[in-house]
Number of protein chains: 2
Amino acid sequence: MKATIDHIGIAVGDLNASLAFFKDALGLELDAPEDVPAQRVRAHFLQAGEAAIELVEPTADDSPIAKFIARRGAGIHHLALRVDDIVAALAELKTKGVRLIDETPRPGAHNSLVAFIHPASAHGVLVELKQVK
Amino acid sequence: MKATIDHIGIAVGDLNASLAFFKDALGLELDAPEDVPAQRVRAHFLQAGEAAIELVEPTADDSPIAKFIARRGAGIHHLALRVDDIVAALAELKTKGVRLIDETPRPGAHNSLVAFIHPASAHGVLVELKQVK
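The present account deals with the structure reproduced in this document.

Calculation notes
Residues numbered from 1 in each chain as written. Chains lettered and ligands numbered in written order. Predicted model: local features only at pLDDT ≥ 70, side-chain atom pairs only at ≥ 80, totals over all residues. Heavy atoms only, no water. Helix = DSSP H or I, 4+ residues; strand = E, 2+ residues; numbered from the N terminus. Buried < 20%, exposed > 50% of the residue type's maximum accessible area, 1.4 Å probe, protein only. Contact = heavy atoms within 4.5 Å. Areas by Shrake-Rupley, 256 points an atom, 1.4 Å probe, with all protein chains shown as cover. Lys, Arg positive; Asp, Glu negative; His and termini not counted. Charge placed at Lys NZ, Arg CZ, Asp CG, Glu CD. Buried area = accessible area lost by both parts, 1.4 Å probe. Salt bridge = Lys/Arg side-chain N within 4 Å of Asp/Glu carboxyl O. Nonpolar A, V, L, I, M, F, W, Y, C, P; charged D, E, K, R; others polar. Polar contact = N/O pair within 3.5 Å; in protein donor to acceptor, adjacent residues only side chain to side chain. Pairing = 2+ DSSP bridges.

1. Let's talk about the overall build of chain A
So, point 1. For chain A, the helix and strand inventory stands at three helices and nine strands.
So, point 2. Put simply, chain A runs from its N terminus to its C terminus through helices and strands in the order β-α-β-β-β-β-α-β-α-β-β-β.
So, point 3. In terms of its C-alpha atoms, chain A occupies a principal-axis envelope of roughly 45 × 30 × 25 Å.
So, point 4. Taken across its 133 residues, chain A has 50% of its residues classed as buried.
So, point 5. Restricting to contacts in chain A with at least 6 residues of sequence separation, those with at least 24 account for 51%.
So, point 6. Roughly 5,800 Å² of accessible area belongs to chain A as shown, and the carbon and sulfur atoms make up 50% of that amount.
So, point 7. Taking the 14 positively charged and 18 negatively charged side chains of chain A as two groups, their mean positions are separated by 6 Å.

2. Looking at the interface of chain A and chain B
So, point 1. At the junction of the two partners, chain A supplies 42 residues and chain B supplies 42 residues.
So, point 2. Contact between chain A and chain B buries roughly 3,100 Å² in total, counting both sides, with carbon and sulfur atoms accounting for 71%.
So, point 3. Along the contact surface separating chain A from chain B lie zero salt bridges.
So, point 4. Mapped by element, the contributors of at least two residues to the side of chain A that touches chain B are strand S1 (4-11), helix H1 (15-25), strand S5 (51-58), strand S6 (75-82) and helix H3 (86-95) of chain A.
So, point 5. It is H1 of chain A that contributes the most residues to the side of chain A that touches chain B, six residues altogether.
So, point 6. For the side of chain A that touches chain B, the per-class residue count stands at 27 nonpolar, nine polar and six charged.

3. What about the side chain of Glu-57 of chain A?
So, point 1. Within the secondary structure, Glu-57 of chain A sits in strand S5.
So, point 2. At 2.8 Å, the side chain of Glu-57 of chain A forms a polar contact with the side chain of His-44 of chain A.

4. Here's the deal with the pairing of strand S5 (residues 51-58) of chain B
All names here are of chain B.
So, point 1. When you tally the buried positions in S5, you get seven out of eight residues, the bulk of the element.
So, point 2. For strand S1 (residues 4-11) and S5, the ladder comprises five bridges, and the chain directions are parallel. Along S5, the bridge assignment pairs Ala-11 with Val-56.
So, point 3. Examined bridge by bridge, strand S4 (residues 41-48) and S5 share eight bridges and lie antiparallel to one another.

Have a look at this one:
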């Protein structure tokens, strides 16, 4: 498969504090936020070249992001790779023995399809695959 | 300043295990490794579009990467942003009250100049600035 870095997801505890750095200090351009109800998060993308930074803000206490922050603190949460055909990519990874969190893709931000690979198969990294529809 | 994502640094505990995923399963192309003696690491870059994944392997027990792995385990270690003028970028961030680990740049991989921003000023993220000479 051909995979390119789409974005880095950052778990956000305090949105204003995160924007003070990534938007105000670094000067990155902020897109309009987008709710992803399936994950109970609000996504704030800042484009930084071909790839982007996604500030992921939990919208409920039981959001996976809220749990991550409670356990490890705010910081880098995942690495998202863009693929052309996510169904084919997941099938190929499964054949290669890679452990998947999502065997089938689900809706993500920006009208995309996404699926997560288990960190146990990706050297401790939570990897998201993303296909833009 | 204009900042673009240059790479994601991953702290590597077992190089073969990390290559089994990022090189063999994902099919990303691996560059020749490069030692960075100042950090006591060996850097293995895999290009993934405009941005890259850097597998950072400690070469000594007192390497900052070895200490990171002992504390938090293998996984994402830093986010590197490419800037055109690292000295000007550091001066601008300092004026804005951002806490810097390196006030002046030092040599990095690929004949670059690098400097780190303190995670306390970057919402828990260890951010590297990089200027290619």
